[in-house]
Amino acid sequence: MLKLVKTSSRKAGLPPGSPVFIGERVTEKFGLDMVDYDAENLSLSTPVRLDEFRLLKETPSNTWIRVHGLHDAEAVDRFCLEFGLHPLTIEDILHTGQRPKIDHYEEYLFLVINLINYDDAAREMSMEQISFVLGSNYLLTFHEKDDDIFDDVLARLETNKGRIRKLGTDYLLYSLLDRVVDNFFSVLEKIGEEVEDLEEELIAAPSPETLQAIHSLKREMILLRKSVWPLREVIHGLQRDETTFMGESTRVYLKDLYDHTIQVLDTVETFRDIISGMIDIYLSSVSNRMNEIIKVLTIFAVIFIPLTFITSLYGMNFNTGASPFNMPELNWYFGYPFALLLMAGTLLSMLVYFKKKQWF
Amino acid sequence: MLKLVKTSSRKAGLPPGSPVFIGERVTEKFGLDMVDYDAENLSLSTPVRLDEFRLLKETPSNTWIRVHGLHDAEAVDRFCLEFGLHPLTIEDILHTGQRPKIDHYEEYLFLVINLINYDDAAREMSMEQISFVLGSNYLLTFHEKDDDIFDDVLARLETNKGRIRKLGTDYLLYSLLDRVVDNFFSVLEKIGEEVEDLEEELIAAPSPETLQAIHSLKREMILLRKSVWPLREVIHGLQRDETTFMGESTRVYLKDLYDHTIQVLDTVETFRDIISGMIDIYLSSVSNRMNEIIKVLTIFAVIFIPLTFITSLYGMNFNTGASPFNMPELNWYFGYPFALLLMAGTLLSMLVYFKKKQWF
Amino acid sequence: MLKLVKTSSRKAGLPPGSPVFIGERVTEKFGLDMVDYDAENLSLSTPVRLDEFRLLKETPSNTWIRVHGLHDAEAVDRFCLEFGLHPLTIEDILHTGQRPKIDHYEEYLFLVINLINYDDAAREMSMEQISFVLGSNYLLTFHEKDDDIFDDVLARLETNKGRIRKLGTDYLLYSLLDRVVDNFFSVLEKIGEEVEDLEEELIAAPSPETLQAIHSLKREMILLRKSVWPLREVIHGLQRDETTFMGESTRVYLKDLYDHTIQVLDTVETFRDIISGMIDIYLSSVSNRMNEIIKVLTIFAVIFIPLTFITSLYGMNFNTGASPFNMPELNWYFGYPFALLLMAGTLLSMLVYFKKKQWF
Amino acid sequence: MLKLVKTSSRKAGLPPGSPVFIGERVTEKFGLDMVDYDAENLSLSTPVRLDEFRLLKETPSNTWIRVHGLHDAEAVDRFCLEFGLHPLTIEDILHTGQRPKIDHYEEYLFLVINLINYDDAAREMSMEQISFVLGSNYLLTFHEKDDDIFDDVLARLETNKGRIRKLGTDYLLYSLLDRVVDNFFSVLEKIGEEVEDLEEELIAAPSPETLQAIHSLKREMILLRKSVWPLREVIHGLQRDETTFMGESTRVYLKDLYDHTIQVLDTVETFRDIISGMIDIYLSSVSNRMNEIIKVLTIFAVIFIPLTFITSLYGMNFNTGASPFNMPELNWYFGYPFALLLMAGTLLSMLVYFKKKQWF
Amino acid sequence: MLKLVKTSSRKAGLPPGSPVFIGERVTEKFGLDMVDYDAENLSLSTPVRLDEFRLLKETPSNTWIRVHGLHDAEAVDRFCLEFGLHPLTIEDILHTGQRPKIDHYEEYLFLVINLINYDDAAREMSMEQISFVLGSNYLLTFHEKDDDIFDDVLARLETNKGRIRKLGTDYLLYSLLDRVVDNFFSVLEKIGEEVEDLEEELIAAPSPETLQAIHSLKREMILLRKSVWPLREVIHGLQRDETTFMGESTRVYLKDLYDHTIQVLDTVETFRDIISGMIDIYLSSVSNRMNEIIKVLTIFAVIFIPLTFITSLYGMNFNTGASPFNMPELNWYFGYPFALLLMAGTLLSMLVYFKKKQWF
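This structure is a prediction, so every number in the text was calculated from the model and none was measured.

**A look at the relation of the copies chain E and chain A**
Copy one and copy two of the chain differ by a rotation about an axis and a translation along that axis. With an RMSD of 0.1 Å, chain E superimposes on chain A once it is rotated by 72° and translated 0.0 Å along the axis. The two molecules are tied by a five-fold rotation axis, judged by turn and shift. Taking C-alpha positions as reference, the residue of chain E nearest the rotation axis is Gly-315 of chain E, located at 4.7 Å. When you check the interface residues of chain E against chain A, a mere 14% turn up at the interface there too, and the two sides of the contact use different surfaces.

**Notes on the relation of the copies chain A and chain B**
It takes a turn of 72° to lay chain A on chain B, together with a shift of 0.0 Å along the axis; the resulting RMSD is 0.1 Å. Taken together, the interface assignments show that only 14% of the residues at the interface of chain A recur at the interface of chain B, consistent with different surfaces on the two copies.

**Re helix H2 (residues 73-82) of chain E**
All names here are of chain E. In terms of burial, H2 is largely enclosed, as seven of its ten residues are buried. Among all positions in H2, only Ala-73, Ala-75, Val-76, Asp-77, Phe-79, Cys-80 and Glu-82 are buried. Its buried side turned inward, H2 meets strand S1 (31-37), helix H1 (51-58), strand S3 (62-68), helix H3 (87-94) and strand S7 (138-143). Downstream of H2 by a residue or two, Gly-84 has a phi angle that is positive, lying close to 70°.

**Focus on the packing of helix H4 (residues 151-159) of chain C against helix H5 (residues 169-204) of chain C**
Residue and element names in this part refer to chain C. Relative orientation of the contacting elements H4 and H5 amounts to 145°, with a least axis distance of 9 Å. Both H4 and H5 take part in a crossing whose hand is right-handed. Residue-level contacts link Asp-152, Val-153, Arg-156 and Leu-157 of H4 to Leu-172, Ser-175, Leu-176 and Arg-179 of H5. Partitioned by chemical class, the residues of the contact of H4 with H5 number four nonpolar, one polar and three charged.

**Some thoughts on the sheet that holds strand S5 (residues 109-119) of chain B**
All names here are of chain B. Taken together, the seven strands give an open sheet; going across it, the order is S2-S1-S3-S7-S6-S5-S4, and neighbouring strands pair in mixed fashion. Both outer strands of the open sheet, strand S2 (42-43) and strand S4 (101-104), are each paired with one neighbouring strand and no more. Sheet analysis places strand S1 (residues 31-37) next to S2, joined by two bridges and oriented antiparallel. When the sheet's bridge partners are listed, Tyr-37 is paired in S2 with Leu-42. Each of S4, S5 and strand S6 (124-134) touches helix H6 (residues 208-239); the most contacted strand, S5, lies at about 150° to it.

**Considering the interface of chain E and chain A**
Across the contact, 70 residues belong to chain E and 71 residues belong to chain A. Between chain E and chain A, the buried area comes to about 5,900 Å², and carbon and sulfur atoms account for 63% of it. Ranking the residues of chain E by area buried against chain A places Glu-189, Phe-309 and Phe-318 of chain E at the top, with a combined share of 10%. The interface formed by chain E and chain A holds seven salt bridges in total. One salt bridge connects Asp-273 of chain E with Arg-272 of chain A, and the closest N-O pair in it is separated by 3.6 Å. Inspection of the region where chain E meets chain A yields 19 residue pairs in polar contact (both at pLDDT 80 or more). Sort the elements by how many residues they give to the side of chain E that touches chain A and helix H7 (residues 248-313) of chain E lands first, with 34 residues.

**Regarding the side chain of Asp-178 of chain C**
Mapped onto the elements of the fold, Asp-178 of chain C is located in helix H5. Not counting residues within four places of it along the chain, the set of residues in contact with Asp-178 of chain C comprises Leu-257 and His-260 of chain C together with Pro-16 of chain D.

**Focus: the nonpolar core**
The biggest cluster of nonpolar side chains holds 453 residues, and the ones touching the most others in it are Phe-142 of chain A, Phe-142 of chain B, Phe-142 of chain C, Phe-142 of chain D together with Phe-142 of chain E. Among all residues touching Phe-142 of chain E, those that are not within four sequence positions of it are Val-67, Leu-70, Val-76, Phe-79, Cys-80, Leu-85, Ile-93, Gln-129, Ile-130, Ser-131 and Val-133 of chain E.

**Concerning the side chain of Asp-170 of chain E**
All names here are of chain E. Of note, Asp-170 is situated in helix H5 (residues 169-204). In this structure Asp-170 is buried but unpaired, with Arg-251 as the nearest side chain of opposite charge at 7.4 Å. Only 2.6 Å separates the side chain of Asp-170 from the backbone nitrogen of Gly-247, close enough to count as a polar contact. If we ignore the near neighbours within four places in the chain, the residues touching Asp-170 are Leu-134, Phe-245, Met-246, Gly-247 and Thr-250.

**Things to note about helix H7 (residues 248-313) of chain C**
Residues spaced three or four apart along an α-helix point in a common direction, a consequence of the helix completing one turn every 3.6 residues. With 66 residues, H7 of chain C extends 98 Å from end C-alpha to end C-alpha; this agrees with the ideal 98 Å at 1.5 Å per step. Counting buried positions along H7 of chain C gives 53 out of 66 residues, so the element sits mostly inside the fold.

**Re the interface of chain A and chain B**
Frequently, the measure chosen for interface size is the accessible area that the parts lose on association. Taken residue by residue, the interface counts 70 residues in chain A and 70 residues in chain B. Summing the contributions of chain A and of chain B, the shared interface buries around 5,900 Å²; its carbon and sulfur component is 63%. The interface formed by chain A and chain B contains eight salt bridges. Residue Asp-266 of chain A pairs with Arg-99 of chain B through a salt bridge whose shortest N-O separation is 3.0 Å. Viewed at the interface, chain B and chain A are joined by 20 residue pairs in polar contact (both at pLDDT 80 or more). Among the secondary structure elements, those contributing two or more residues to the side of chain A that touches chain B are helix H4 (151-159), helix H5 (169-204), helix H7 (248-313) and helix H8 (335-356) of chain A. Looking at the side of chain A that touches chain B, the element that brings in the most residues is H7 of chain A, giving 34 residues.

What counts as what
Residues numbered from 1 in each chain as written. Chains lettered and ligands numbered in written order. Predicted model: local features only at pLDDT ≥ 70, side-chain atom pairs only at ≥ 80, totals over all residues. Heavy atoms only, no water. Least-squares fit on C-alpha atoms with pLDDT ≥ 70 in both. Contact = heavy atoms within 4.5 Å. Buried < 20%, exposed > 50% of the residue type's maximum accessible area, 1.4 Å probe, protein only. Helix = DSSP H or I, 4+ residues; strand = E, 2+ residues; numbered from the N terminus. Axes fitted to C-alpha atoms, helices over the stretch in contact; angles between N-to-C directions. Left-handed = near helix turned anticlockwise from the far one by under 90°. Nonpolar A, V, L, I, M, F, W, Y, C, P; charged D, E, K, R; others polar. Pairing = 2+ DSSP bridges. Buried area = accessible area lost by both parts, 1.4 Å probe. Salt bridge = Lys/Arg side-chain N within 4 Å of Asp/Glu carboxyl O. Polar contact = N/O pair within 3.5 Å; in protein donor to acceptor, adjacent residues only side chain to side chain. Core = buried A, V, L, I, M, F, W, Y, C linked by side-chain atoms within 4.5 Å. Lys, Arg positive; Asp, Glu negative; His and termini not counted. Expected span 1.5 Å × (residues − 1).

From the geometry alone we can't say anything about function, so treat these as descriptive.
Given below as structure tokens:
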């Protein structure tokens, strides 16, 4: 299940801008993947010495560096300082579990977003923070894990498909964000299926586990929404950005991306509404079940209580010899058949009563 | 039932602007219906070769082309490219299940809206995406299915009724949108009847099926609202549009259309409120029913338990011969009548008790 | 009960601006009442020929024409065209059940509002659409029925009370709107009394009918709110109006009217909140009642079950002659009194138990 | 209890600005208290003739006139006209139960606010409308009753404490409003205590009366909120006022007053949230109680039903002489002890069962 | 538990700006801690005479004075007057329980915030008001108690870590606020753990105490939110501040701080949503439990009622000698085995019935 809060108490008391990693310490090595490209060429080599990165900033070609393994805070810090990132930026990169946001620095744009993955087997969501630093001709992406979310964008770069090689790192950033938003759609699709499964389960055979599932779905929606609302702001901020990092030609794509984000949000809200309604259905089906049980109890009790009364009546030990008034029925020739008929009559009138009350 | 999410995972990973059809593959052929008209003339012929369309753009007459059968993505793509549409526009046309929106391009306005139909027999809503491309003297509409929603607008064009032939494609666009909004009213009217039917059912004979019906109605309201809210924004955007696609004379009609959309929204919200209240009524009527059952059980039990106790008492086998204290009642002359009177008295006091408690 | 939606499907497919009457066809004749007045004179005659109305527009005196009997769409249409009203205006006048709104035309202001009446006997609200057309020196009002809502304003005109004769048709419009808002207060007052009646009923003797009443009250609040929210916008629009139809001296009165509308809205919202709370109270009182019933059942069962067990015990037929262990109690001298004492003791301890549990 | 709506129907149909008193007719005489002061002098005399008031407006000293006993509408009307108040102002003063508001007139500022008092004994709130008219060197306050809310401000004036004598009537107005807001704090404090009392009662011994108390508290919060929200707007309006009635030096105090009003609002909203939660607690404690009762019933029934079955079994009258199969137990030497042991065993296994189910 | 309202009635009636302490009177001495620093030097001495403070304002070095022990209102008042603070500022400092706010004075900025602490042992939150006065080269902080919240910031000053000594008091203010916001994260982390504990408890073994815990958590969230919402406004106000108190270089840090505050708010809202959902789960688990109990009762009753009826039947005392119709079964050779078999058959069919109803 998604953690509600990341352990950030480790940081409390440190000066602002301290490079401390906050997050789950996945045992993963720090690593860099670099792509250097322009419309004609593309190379995948990675420099060994950190100061070579500085030279890259001067070349006219576009550079995308993908950094993963954030728990090695020191290595990330050194790499970032080489690119001249602000201490607050480095802190935000390392302190995962941030709220998505966009920060405008003089030399670069800084974006934090949350990537949501849905594990089909466990029917659970997991969240990863991805940070983007967009400079004039470079783009840095920071990943908690060595995920493969951007592999198909890389493939498009390599195969020179579409207009991705012709345009700058701003279009690359857009392509990556588009990939992230598409991923939200995939997650929502799976959740949509789960919602529909639960709706059927609710009608067919609701159990306390169904309610558990609804509750955890609702909780996931709450956390999903917490990731998407600020993402919307981030993309809106990117769209209205007045710096020169986002080119004019990319802006029309951002409008489209923004519309998609709104659609994700709409769907999240719709799911929330539907899931809320499911709890009512569940509670009411529990009531119905209790009703059924109590009805069975009542029918049995109401039928047999008078019958048993009659049998008890004729089980009394009044001395029939002491007086002609003392239970003469016991000595009647048709005493027993009379009693049985009495009971049959009682039974019948009960059944008629229940029929009238529509209990059958 | 309306699908919550369209399968869009097929698209994830493709470059933005890929012409892939997303939606239910209705087995329908790709088709074009063309109307070319001005105040005097109207022709219904459709060119066979795609490049003839390009010539149409140069003629002063107005052209309305209705495209249906979107699942043939390739044919749609070819047609759209002929009209110089942006790849993102083509993607949005093909990727049905979009959120209604308006996009401003240099050469045309692009609108996506959702048409809601209500199937009387199945008491279910269905949704179809319709896209509009409004150029200076042409209007393209893209339909998932070969629906007949715009047939009466076409009839008006043909019969030259009202001012539709005198004005440009902007007024035609308004007329089509007006038709779509009128369709929402028809749907709401039917839903209103269903709501009123359900309200009566709730009072007369509520059953678990009633709750199911309320829930699915609520769900439909959620999805309807999801279509109408952005439609409102679209029409508002059209109204405030500063390009030259929308003529000044059409703008006054858009204000009216906008008011109608607000009225649709108001009605949807009202229905949502009323439906929410119905769930309370349902739950309470279930409680009332349970109350009734438990009351019957209690009345029977409380009446017969003391009576049966008395009969059991005189069914004890104490040896009346061993002592004068051992159940002398059994040998009394009026023992049995005494016992019967005791029971009748108990019964009477129980009935008085229930009367006082107002259980009858 | 108020209809949720007016039948507007009759209109779907017609060109925008078609003069078709939508609403309940009250069998009422089309009629006109005309008042022509200035500070000195007032006449109540009505011209017979429609073209005489055109002349009226040129005279400097103020003219108020009250049109009722809208179901005669043709007559209304002819009358409106004589005054040069826009087809959309005529459509809105005839298509009752509109959302209150204000439209600015070059030659006149057009207002639609809903008048709510409360039928004391049936404890039901009814709604009537009233449309206003304010020209430079004339005011037209369109009524579904021949209602008497504006009779006291007319009386003020006739008796020349207050400043109504001295000021123009804009002040007359204000006076009529003020009358409509005052009417809302009257309705709210009656509903307030009903709410207080229901609150008392809830405490004294809640029944399923009480819930029905709460529900229908809630529904009325929803529909009332739907009429008042846009009315607020209409009056706000009138206040900020920059055309010359509303004189400066009337504007200060509009501010006051606006405040009253806000007060109406506030009260509606307050009622909604209070009514929502009442449903909780109702449900809880139903639970309490069920509790009471189950408590009675339990007390009876728990007292008599052990007693009946004892009687059953001594009703067993073990052969006391076969062994000294077989139910020697039956042959004791004080066997029966012993059994009675045993039962009395059980009864007492039960009563003590219930006392401790505070069930009495 | 606070009335939901004041009877305003008496006014419907009268021309706007009619001086009619709307409110509860407390039998109280019309009265005036006047204070005339500047930094050096202060006098408490009240002129007898109304036209003397007009002279007061010309003197440079500050004048505060407190008017009470509004039900004498005619006297109030005459007094107000003497001060040149607008008919709408007079109407608002007399028509108590107004929504708090601020009106800007050329010659004065007009404020209406609601004073809330809390009656400790009856645990009930009552509301009084106070109207303020702030001219350049005079302040009029209109009170429904001869209340003592402003007595300590008067005392401060008389004893020349703080800066109140040095500054103008605008500071006096601020001081009075500050007194009103402080009064809200006192009311909230008492309600806070009541909330905490109720929370304890909820845990210790919830009864239907507790729910009644919660409901009436909720209702009071709704009405309190209805008074405070517009008060906030009034003070905000005063703060942003661009006329010369509010001096620059007083404005800093208004900011502080505004903050206090926000704090009152915050507290009201917090109470509302907490009270809403209490209803859940109540309903759940009712359920718990019902659970307890049903558990007791079930334990008794489930223990005794099998026991009674055994005793009934051996109460059957099969003829043991007719066959060795017919209830030989009855003739066993240890027949009765065997039956008793059987019952003890059943009892024990029941107890073990309940233990396992954790019902003890 | 957090008090809902601080006792402020003591103040009602006093002139605005009266230096009266409102809050819990912790028996703590008034005290001052002073730090005087610039990039090179730092001294911790505190002047004995109040007028020495005035000289400090003229020195170019930065001064931070931490004042604690507010209940000594007179001492605080004297100290504040020495620094030229406005009476309203002094009132706000002493009147703890303020809503967080920012006030702009000509000579200083005044901030009030609430510090929330979480007591691990008692699982309770406590609140302390901290006020800040930021002048051009001095910062005053006022604490209710002698807390240690800012000790690590002081340590950073002393050890000259980070850029804190190089920058002015505005950066110091930021560092302190950052510490306060970090503290919110710590509190939320602990509450997050509590929420997760409660969620597990809800599934495993819900008890009325669980609901109590949920309710008090919900209440804490309400109060926490009441502190954080205005804090957000305060930091936003600080960020947009146009005076010269906040240097340009500190502003970028404020943006970061603002983002953190939004994240705190988001988390509080998320917790509120999750906690609301937990109440549904609790209520439903209570229903489930009741269902279980009623099911057990019903199974026992429904099984034994017919069995006991059969035994009662053969316990009737009809005289078998009087007629061959009178209970011949009693004299059958296999009478008793027949009765036992009859009962076994009834038992079996009951079990089959329950199996079919899925009650096992």
